[in-house]
Amino acid sequence: MSAFLAPDQNDFLIESKFKASDPPEIYQFRGLPADAKDQRHLLMVSNFINGSSNFPSLISFDGAILRKDDIKEWTSKKNPGMSGALQRFIIRTSVENWTAVTCWGPVGQLNEMTEDLHVGDSVSIRNVRPKSLPEPVNSEENADGVRKFDVRSYLPPLPSDTIYDLDMNNNGQINTLFRQDSRPEILAITRAPPLIGSGNVFPLGLLETMLASLVGKGVNLIGIVKEKGRATVLDTKYGSRVHKMTVRLFDQDCSGLNITLWGEEHTFMAGRFISFQTTVLLSEVRISKDSRTGLPSLASTGKTLITAYPRRLVTVMIFIDLAIPIRS
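Residues numbered from 1 in each chain as written. Predicted model: local features only at pLDDT ≥ 70, side-chain atom pairs only at ≥ 80, totals over all residues. Heavy atoms only, no water.

Participant: Hey, could you run me through the overall build of the chain in this one?
Facilitator: Across its full length, the chain carries 4 helices and 20 strands. With 328 residues in all, the chain has 46% of them scored as buried. Relative to all contacts within the chain whose residues are 6 or more apart in sequence, the contacts with residues 24 or more apart total 67%. Carbon and sulfur atoms form 51% of the exposed surface of the chain, whose accessible area is close to 17000 Å². (Helix = DSSP H or I, 4+ residues; strand = E, 2+ residues; numbered from the N terminus. Buried < 20%, exposed > 50% of the residue type's maximum accessible area, 1.4 Å probe, protein only. Contact = heavy atoms within 4.5 Å. Areas by Shrake-Rupley, 256 points an atom, 1.4 Å probe, with all protein chains shown as cover.)

As structure tokens, this is what we get:
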């Protein structure tokens, strides 16, 4: 059962807009008793039937922030006077379900709405439009010579192909319910490894011996924070700025392995890590060859999810199936 649901499942409160003609079996709703509205718990909608195009127009639900991407400004190539910004969140609604919510709006208003939101906060998401995740595309260019955009390359593996758009011009909002929500039922969600399938994870000692053979792959790994580097901000050739921090992890079989974390939220999270105490699980870390040294290096990407455990807990390993995942 999701922690965002009340134990009593009678008299559901459903707050959504959908066509009266839509067959009810298209949706599986899970909600709250009607008298629980004052508790600031809202409808949690989950498990749209994959492939259905009969989505409701706008829906609302609660969840916890699993990932927060940097704001990206955009300008339309077809309409040069049109511009704006977007920011993507990965929102977790239960142990089994997490999804992508992309927020669209003017850069100033978007920053004002989201600047105080962080991984671990529980939030109310209002007036979002569900849609199906586009099919994967290759790197070919279209007729205009523009490389095709593959949104899947910017998302971690998701349990469902339903994602959401939040348009600030259409009353879309993300509001904080609890900052760094520490209620036990919420921690059970936010600290469950966000892994698809068997949940395979590399122990650091084994990963260290296999790095050279895994260049170009994405892996899941777990370790204890040994030390943190200094957070830096770099200017890119595109005129944007990107945050960076290196974290060194260790375990009983590895004295230390460096992971480069990219993005403002990842470096913010790393700033809270406590050396020799915080255990972190990282999914979809990319292994590549360092251009200067020629040696394998590890770094977060747009697919990476970070789950932090505040104590050095051996019990974290009970989550882990030590079979080896290899992702291209």
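What follows picks up the thread again.
Participant: Mind showing me how you'd approach unusual backbone geometry here?
Facilitator: Most peptide bonds take the trans form, and the phi angle of most residues other than glycine is negative. Here asparagine 127, not a glycine, exhibits a phi torsion of approximately 60 degrees, which is positive. Look at asparagine 171: it is not a glycine, yet its phi comes out positive at around 65 degrees. Secondary-structure assignment places asparagine 171 in the loop between strand S11 (162-167) and strand S12 (173-178). By relative accessible area, which is 55% here, asparagine 171 ends up exposed.

Participant: Hey, could you run me through the side chain of arginine 67 in this one?
Facilitator: For arginine 67, the location among the structural elements is in strand S6 (residues 58-68). Polar side-chain contacts of arginine 67 include one of 3.1 Å to the backbone oxygen of threonine 301. When residues no more than four places from it in sequence are discounted, the contact partners of arginine 67 are Arg88, Phe89, Ile90, Val119, His266, Thr301, Gly302, Lys303, Thr304 and Leu305. (Polar contact = N/O pair within 3.5 Å; in protein donor to acceptor, adjacent residues only side chain to side chain.)

Participant: Which parts of the structure should I look at to understand the pairing of strand S20 (residues 305-309)?
Facilitator: Looking along a regular strand, one sees side chains alternate from face to face of the sheet. Of all 5 residues that make up S20, 4 are buried, and the element is covered over most of its length. Pairing of strand S18 (residues 279-289) with S20 involves 5 bridges; the strand directions are antiparallel. Among the inter-strand pairings, serine 283 is bridged to a residue of S20, identified as leucine 305. (Pairing = 2+ DSSP bridges.)

Participant: How should I be thinking about the environment of isoleucine 259 in this particular structure?
Facilitator: Looking at the element boundaries, isoleucine 259 is found in strand S17 (residues 254-262). With relative accessibility at 1%, the residue isoleucine 259 sits in the buried group. Measuring from C-alpha to C-alpha, the distance between isoleucine 259 and valine 285 comes to 8.5 Å, with 26 residues separating the pair along the chain. Ignoring anything within four residues of it in the chain, the contact list for isoleucine 259 reads Leu221, Met245, Thr246, Val247, Leu249, Leu282, Val285 and Leu298.

Participant: Explain the confidence of the model for the chain here, please?
Facilitator: When pLDDT drops low, the exact placement of atoms in the prediction is not to be read closely. Put simply, the chain has an average pLDDT of 77, and 73% of its residues get 70 or more. Counting contacts from residues 5-53, a segment whose pLDDT is below 50, to residues more than four positions away or on other chains yields 96 contacts. With pLDDT under 50 throughout, residues 314-328 is counted as low confidence; its partners more than four residues away or in other chains account for 40 contacts. (pLDDT = per-residue confidence, 0-100.)

Participant: Sorry, what's going on with the pairing of strand S19 (residues 296-299) here?
Facilitator: Where S17 and S19 come together, 2 bridges link them in parallel fashion. From the neighbouring strand, threonine 260 faces S19, where its bridge partner is alanine 299. Across 4 bridges, S18 lies against S19 in antiparallel orientation. Note on S19: the bridge partner recorded for lysine 289 is proline 296. Counted along the chain from S18 to the antiparallel partner S19, the turn is 6 residues long, and its residue glycine 294 has a positive phi close to 80 degrees.

Participant: Explain the pattern of salt bridges here, please?
Facilitator: Oppositely charged side chains can pair when the atoms bearing their charge come close. If you walk through the whole model with that rule in mind, you get 5 salt bridges. Of the charged contacts in the structure, one is a salt bridge between aspartate 181 and arginine 183, with a shortest N-O distance of 2.7 Å. Assessed through its relative accessible area of 4%, aspartate 181 is described here as buried. Across the pair aspartate 290 and arginine 292 runs a salt bridge whose closest N-O atoms are separated by 3.9 Å. Note on arginine 292: relative accessible area 74%, which makes it exposed. (Salt bridge = Lys/Arg side-chain N within 4 Å of Asp/Glu carboxyl O.)

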